Amino acid sequence: ASQLSAATSLNVKYASESVAIAGAATQVGVKGGAISLTCSALGNPSPTFEWRRLGSVEATGVTMKLTALSFADGGMYTCVASNTIEAGARSGQATVEIRIEGPPQKCNVLSANSYDASEVNITVNCPE
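Here the residue numbers are simple positions, counted from 1 along each chain's written sequence. Only residues with pLDDT of at least 70 are given local features in this predicted model, and only at 80 or more are side-chain atom pairs given and counted; all residues enter the totals for whole chains, interfaces and linings. Only hydrogens and water are set aside; all other atoms, that is, all heavy atoms of the structure, feed into the side-chain values.

Draft legend 1. Broad picture of the state of the cysteines. For the purposes of this analysis, a disulfide is any pair of cysteine sulfur atoms at a distance within 2.5 Å. One pass over the full model with this rule turns up one disulfide. Covalent S-S linkage joins C39 and C79, the inter-sulfur distance amounting to 2.0 Å. Judged by the torsion about the S-S bond (-95°), the C39/C79 disulfide is left-handed. With a gap of 40 residues between them, C39 in strand β3 (residues 35-44) and C79 in strand β7 (residues 75-85) connect regions that are remote in the sequence. Exposure categories follow from relative accessible area, calculated using a 1.4 Å probe and restricted to protein chains: below 20% of the type maximum is buried, above 50% is exposed, and the middle band is partly exposed. Exposure remark for C39: the relative accessible area of 2% places this residue in the buried category. Secondary structure is summarised from DSSP: a helix means a run of H or I of at least four residues, a strand means a run of E of at least two, and numbering begins at the N terminus for each.

Draft legend 2. Seen up close, the environment of L110. Summarising the element assignment, L110 is placed in strand β9 (residues 108-116). We classify L110 as exposed; its relative accessible area is 55%. Along the sequence, L110 and A68 sit 42 residues apart, while their C-alpha atoms lie 28 Å from each other. A contact between two residues is defined here by any heavy atoms of the two lying within 4.5 Å. In this structure L110 touches T123 and N125, once residues within four positions along its chain are discounted.

Draft legend 3. Seen up close, the sheet that holds strand β6 (residues 63-66). When DSSP locates at least two bridges between a pair of strands, those strands are taken to pair. The sheet built from three strands is open, its strands ordered β1-β3-β6 with antiparallel pairing. The two strands at the open ends of the sheet, each matched to only one other strand, are β1 (14-21) and β6. Neighbour to neighbour, the strand axes of the sheet diverge by 20° on average, direction disregarded. To obtain an axis, a line is fitted to C-alpha atoms, over the contacting stretch when the element is a helix, and the angle between two such axes runs from 0 to 180 degrees between their N-to-C directions.

Here it is, written out as structure tokens:
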């Protein structure tokens with residue numbers, strides 16, 4: 001008696017999920033230094049990655065590296081993982097806060113107004 005066998009494969013497509021950024025939810029960088037953020041996600045087809053801040057795309061790819069850090073680099077960054085399934089794109093996201101630490105800055109008092117003993121308005125400029 002002869003036996004007949006056949007092999008087949010099944011390719012299950014699914015939207016980006018389990019999006020995560022490696023490390024703590026708040027990460028600390030040092031002024032003048034560098035920091036790398038790495039994002040991961042599951043999905044089939046494999047997701048693509050965008051790093052966003054304040055609504056703008058800052059970088060693409062799994063890893064975003066910020067160099068020559070300044071205080072202005074601090075804030076919330078979002079990794080968006082996307083893939084396309086049938087009629088549309090699907091995405092998931094994760095967010096991390098970046099804090100920049102460094103030595104105190106030299107600041108200049110631009111103006112100071114005192115209206116009475118209980119209220120003083122001071123304008124200070126701290127260039128980077």
